[in-house]
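Coordinates in review
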Amino acid sequence: MNDPIDRLRAARPAHLGDTPVDERTRAAELTRAMAQPRQERRTRRAPGRRTIARPAWGLGLAGAAAAVTAVAVAVTGTGGTAPSPSAARTGQAVSASESPESSPGRTAPDGQVRLSARTVLLAAAHRAAGQPDETGAWWHTVSVSRTLFRAEGADYTVVDRQRTESWTPSATGPDQRQHSGSQSLGAQPATPEDEAAWREAGAPAEIPVVVPGKKGAKLSLPTGPGEVQKGQAPLPDGDKVFWLGRNVSVRDLRALPSEPGALKAWLLRSYKGHGTESSAPMSRDAWLFTVTTGLIADMPVTPEVRGAAFRMLAGLASIEVTRDVTDAEGRAGTAVTIDGPEASAMGKAAAGDDGVLRTRLIFDEETGRALATENVVVRPGGAQAGMEPGTVWNSDVTLESGWTDDGPAS
């Protein structure tokens, strides 16, 4: 299945039927689908926009940046320049394995104490577990995704933005439905230099972009916002709405074990030696990182389970974190990734055409809540051809995530 249109069609969950999707959303879908490992896909059960677990209704943004496993970033005690949508900040790597549990940090040559990855994650676990456990009629999320495209026949890059909102009911049954809304916010030049090149090209209101792997395909991204697309669908299988290595219900998520070892064992029952989105081999730790960051990112688990997820990550051998990272909305947080040969292999498989990506979860240390996920270019290739190493190729920023009794407007 090498034709990207076929791959995009296969990635779209069947229960979405003929729910309308505008052209810009399709453009983002196509580029993300083309980033996945180039082999026959497994039956797609995963949720929509990204592989680390969105509600299964998806709203058409299926096949999001492939389930690559993240690689090294650093723990630092100092600040730094905030990354733009096209730049990632990295630093001196410190992994969990470099500092034993009894030694929470080390003194750097500049005299500052560098905390170990394990120490940072255990602190985040404590704070996450201490958050109030509130429930409601609906699990509500709002997020904005950004994806870079190269302009066709021109030397500049644009960032296309998509806003997605979802309401997942806590109740189950044949009458329960999931609701969603999506809007393309428009494409913009990614940097001031890109804006200058865009203006030199006549500042087109419709920007033709490169579609990797599909010779002759034509896509144009409008610079203005599109209409809000609304959709709803019954709960798959009557109650399954999230993906955690297998389809799970809200009830399943609320009943997950809150002890790290038990949570790990529960998750590993779904591990089959390959990635969550393809048959490409993936190590156990890399697989655990992928599904666990999804759990942390936007699933309606209890605070204790979110804390257990951080503790489980802290126990993985190749975990690394970076403090003082800024997401695409300008919010400061801490990034967590996993390093190692298998992570690099998955990043290469996801990028395609000899490219390599890095994926990281950015979270708020004070609450243990996710801020964003990002895919960073290590070596350009495929959809990232022509982009500089360190570029944030795509990101998914969580603006709201929590329980509410206020359902979607009719």
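What comes next concerns the included structure. (Residues numbered from 1 in each chain as written. Predicted model: local features only at pLDDT ≥ 70, side-chain atom pairs only at ≥ 80, totals over all residues. Heavy atoms only, no water.)

On the secondary structure map, T292 appears in helix α7 (residues 284-298). Its relative accessible area of 0% is what places T292 among the buried residues. Contacts of T292, omitting those with residues within four sequence positions, involve L267, A309, M312 and L313. (Helix = DSSP H or I, 4+ residues; strand = E, 2+ residues; numbered from the N terminus. Buried < 20%, exposed > 50% of the residue type's maximum accessible area, 1.4 Å probe, protein only. Contact = heavy atoms within 4.5 Å.)

For the rest of this paragraph, the subject is the pattern of salt bridges. Summed over all chains, the structure comprises ten salt bridges. Across the pair R254 and D133 runs a salt bridge whose closest N-O atoms are separated by 3.1 Å. Note that R254 is positioned in helix α5 (residues 250-254) and D133 in the loop between α3 (117-129) and β3 (138-150), a separation of 121 residues in sequence. Take D133: its relative accessible area is 40%, and that puts it in the partly exposed class. Residue R331 pairs with D327 through a salt bridge whose shortest N-O separation is 2.9 Å. The exposure class assigned to D327 is buried, which follows from its relative accessible area of 2%. (Salt bridge = Lys/Arg side-chain N within 4 Å of Asp/Glu carboxyl O.)

With that settled, the discussion passes to the nonpolar core. Counting residues in hydrophobic clusters, the biggest one holds 46 residues, and the most contacted among them are L121, L244, L256, L267, L295 and I319. Ranked by residue count, the leading element in this core is α7, at eight residues. Look past the residues within four positions of L244 in its chain and what remains in contact with it is L253, L256, W266, L267, S270, V291, L295 and M299. Counting residues in hydrophobic clusters, the runner-up holds twelve residues, among them Y156, V158, A197 and L221. (Core = buried A, V, L, I, M, F, W, Y, C linked by side-chain atoms within 4.5 Å.)

This next bit is on helix α6 (residues 260-268). Those residues of α6 not exposed but buried are L263, W266, L267 and L268. The secondary structure elements touched by the buried residues of α6 are β10 (247-249), α7 and α8 (303-314). Structurally, the start of α6 carries an N-cap: the backbone nitrogen of G261 is 2.9 Å from a side-chain oxygen of E259. (Polar contact = N/O pair within 3.5 Å; in protein donor to acceptor, adjacent residues only side chain to side chain.)

Mapped onto the elements of the fold, S258 is located in the loop between α5 and α6. Note: C-alpha distance between S258 and V301 (43 residues apart in sequence) is 9.8 Å.

To continue, consider the pairing of strand β13 (residues 356-363). Consecutive side chains along a regular strand alternate between the two faces of the sheet. Judged by how many residues are buried, β13 sits mostly within the fold: seven of eight residues are covered. Bridge count for strand β12 (residues 332-338) against β13 is three bridges, and the pairing is antiparallel. When the bridges of β13 are listed, T334 appears paired with F363. Between the antiparallel neighbours β13 and strand β14 (residues 370-379) lie six residues, among them G368 with a positive phi of about 75°. (Pairing = 2+ DSSP bridges.)

Next up on the list: the side chain of R146. By the secondary structure assignment, R146 is in strand β3. A distance of 2.7 Å separates the side chain of R146 from the side chain of E329, its partner in a polar contact.

Okay, the pairing of strand β8 (residues 229-234) next. On β8, burial follows the alternation: Q229, G231 and A233 on one face are buried, whereas K230, Q232 and P234 on the facing-out side are not. Bridge analysis of strand β5 (residues 177-189) against β8 gives six bridges, and the strand direction is antiparallel. Following the sheet pairing, G181 is matched in β8 by K230.

The N-to-C vectors of α7 and α8 enclose an angle of 150°; their axes lie 10 Å apart at closest approach. As judged from the angle between their axes, α7 and α8 are roughly antiparallel. Remark: the crossing between α7 and α8 carries left-handed chirality. Within the contact between the two elements, α7 uses L288, F289, T292, L295 and I296 and α8 uses V305, R306, A309, F310, M312 and L313. (Axes fitted to C-alpha atoms, helices over the stretch in contact; angles between N-to-C directions. Parallel < 35°, antiparallel > 145°, perpendicular 65-115°, else oblique. Left-handed = near helix turned anticlockwise from the far one by under 90°.)

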